Amino acid sequence: MKRVQVDVLDRRLVAALQVSPRASWGEIGRAVGEHERTVARRLQRLIAEGIVQVTAIYDDLRTGHGRPVHLHVQVRPGTAAQVAKALADRPDTRSVYSLTGAADLGCELVSPSREDLHRILSSQVSDIDGVLQTQTQVVLHTFTTVAEWHAPYLTEREVAELRPDPPAACLPDEEGLSPLEQEIADLLTADGRIAFTAVAERLDISVPTARRRVTSLIERRLLLPRAEVEPALLGLEVEAMLWLKVRPHGLDLVGQELAAHPSVRYCAATTGTHSLIVQVVAAHEAALYRFMTGVVGRYDEITDVDLTLITRAYKRGHLHKSGLLTLERTP
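Residues numbered from 1 in each chain as written. Predicted model: local features only at pLDDT ≥ 70, side-chain atom pairs only at ≥ 80, totals over all residues. Heavy atoms only, no water.

Looking at an unreviewed UniProt entry, the protein chain carries the name DNA-binding Lrp family transcriptional regulator, with the source organism given as Nonomuraea rubra.

Quick look at the overall build of the protein chain
A tally of helices and strands in the protein chain yields 12 helices and 12 strands. Taking 20 Å as the expected radius of gyration for a compact globule of 331 residues, we find that the protein chain reaches 20 Å, a close match to that expectation. Projected onto its principal axes, the C-alpha coordinates of the protein chain cover approximately 50 × 45 × 45 Å. When each of the 331 residues of the protein chain is scored for burial, the buried share is 52%. Of the roughly 15700 Å² that the protein chain leaves accessible, carbon and sulfur atoms contribute 51%. Separation between the mean location of the 38 positive side-chain charges and that of the 43 negative ones in the protein chain comes to 4 Å. (Helix = DSSP H or I, 4+ residues; strand = E, 2+ residues; numbered from the N terminus. Rg over C-alpha atoms; globule rule 2.2 N^0.38 Å. Buried < 20%, exposed > 50% of the residue type's maximum accessible area, 1.4 Å probe, protein only. Areas by Shrake-Rupley, 256 points an atom, 1.4 Å probe, with all protein chains shown as cover. Lys, Arg positive; Asp, Glu negative; His and termini not counted. Charge placed at Lys NZ, Arg CZ, Asp CG, Glu CD.)

Thoughts on helix α11 (residues 251-259)
When α11 is considered as a whole, its buried residues turn out to be Val254, Gly255, Leu258 and Ala259. The buried residues of α11 occupy an angular sector of 125° when the element is viewed end-on, so they sit on one face. Packing partners of the buried residues in α11 comprise β5 (131-144), β7 (238-246), β8 (264-270), β9 (276-282), α12 (285-294) and β10 (302-316). (Arc of directions from axis to C-beta. Contact = heavy atoms within 4.5 Å.)

Overview of the domain arrangement of the protein chain
For the protein chain, the assigned domains are domain 1 (67-147 + 235-317) and domain 2 (178-221). Between the C-alpha centres of domain 1 and domain 2 there is a distance of 31 Å. (Domains from an automatic or database assignment.)

Section: the state of the cysteines
Disulfide: a covalent bond connecting the sulfur atoms of a pair of cysteines. Overall, the coordinates contain zero disulfides when judged by the stated rule. Distance from the sulfur of Cys267, which forms no disulfide, to the nearest cysteine sulfur (Cys107) is 19 Å. (Disulfide = S-S within 2.5 Å.)

Focus on the pairing of strand β6 (residues 223-228)
For β6, a buried count of six out of six residues is recorded, marking the element as mostly surrounded by other parts of the structure. Judged by which residues are buried, β6 turns out to be covered on both faces: Leu223, Pro225 and Ala227 on one side and Leu224, Arg226 and Glu228 on the other are all buried. Here six bridges tie strand β1 (residues 53-58) to β6, and the two strands are oriented antiparallel to one another. Pairing of Ala56 across the sheet is with Pro225, part of β6. (Pairing = 2+ DSSP bridges.)

Things to note about the UniProt feature "domain: Transcription regulator AsnC/Lrp ligand binding" (unreviewed entry) in the protein chain
UniProt feature "domain: Transcription regulator AsnC/Lrp ligand binding" (unreviewed entry): in the numbering of this structure it lies at residues 72-142 and 243-311. Secondary structure across residues 72-142 divides into 28% helix and 42% strand, with the first and last C-alpha atoms of the span separated by 19 Å. Secondary structure content for residues 243-311 is 28% helix and 41% strand, and the end C-alpha separation is 17 Å. (UniProt positions renumbered as here; feature names shortened; annotations may be inferred.)

Notes on the environment of Leu105
For Leu105, the location among the structural elements is in strand β4 (residues 105-111). Spatially, the C-alpha atoms of Leu105 and Lys315 are 12 Å apart, while their sequence positions differ by 210 residues.

Considerations on the UniProt feature "domain: HTH asnC-type" (unreviewed entry) in the protein chain
As annotated by UniProt and renumbered to match this structure, "domain: HTH asnC-type" (unreviewed entry) occupies residues 7-46. Secondary structure content for residues 7-46 is 78% helix and 0% strand, and the end C-alpha separation is 11 Å.

Some points on the packing of helix α1 (residues 8-19) against helix α3 (residues 36-48)
Between α1 and α3, the shortest axis-to-axis distance is 10 Å and the interhelical angle comes to 85°. The angle between the axes of α1 and α3 places the two elements in the roughly perpendicular class. In this structure, α1 contributes Leu9, Asp10, Leu13, Val14 and Leu17 to the contact, and α3 contributes Thr38, Val39, Arg42, Leu43, Arg45 and Leu46. Partitioning the contact of α1 with α3 into residue classes produces seven nonpolar, one polar and three charged. (Axes fitted to C-alpha atoms, helices over the stretch in contact; angles between N-to-C directions. Parallel < 35°, antiparallel > 145°, perpendicular 65-115°, else oblique. Nonpolar A, V, L, I, M, F, W, Y, C, P; charged D, E, K, R; others polar.)

Here you go:
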């Protein structure tokens, strides 16, 4: 297998792309102090080699696509890889990964309705050969998504120069997408950097209309552009899932504050025995320990922690994985 090489400058450029996945090479270059040709050459190589993929993910609850659900899956010994593949091959799964701890696999899927969720859990997932038991947590509220996280290699000034204006404080619970918006969203989820001219040509609309509609989807946060790359390639070798029991009166405060931490890639309130799920990345185990003691440990509202490590990703953001490389999105 070809060795994947990502140097310090590559990591800074990937971090910039994570902050603004649709920024031009020139905009990224000006923000980080590098020549546009250098930015283009390096990021185009990383994208071509499958190290980075730019896509987009829906705000599923607000677009009406369904409700995100997290599963802990226990499997028969020796079947983890085949069960992970079966889960990753499902079009409704967004992420699949191996875990340490009581559960062998973690899985995030999007269920269109409660009836669909019942069918998925009661027959489809349980019928996968090797699955012994599942535990389900339905997402109630998302504080931050992986699409909003970036590797910690940029200064505040660089981030501010790249980051678009913050969204409106109050967003409707559900908007849905018009037929044209859905067509545009399909193009963006396949290629998060698709040009306005290409959108216009594919959908037979004017370039100004394409620009206006794409911008509206992103500004309304119905669609979140995302630069996907394995954290390990960015020097963040340890990836953990924290399931936290939080007293109800402190849930919103703890969720918001943890979501703002640079080590947190994902944070959401869920149903189940633990009320908050947090995905964390760190350079090494000692850094994770400091996060647990110095960040999580300071909240009296947190009464219990279940800490597991992600040992391998099979799928993230609907993108299949091959080792540390990211494959094209599949239907």
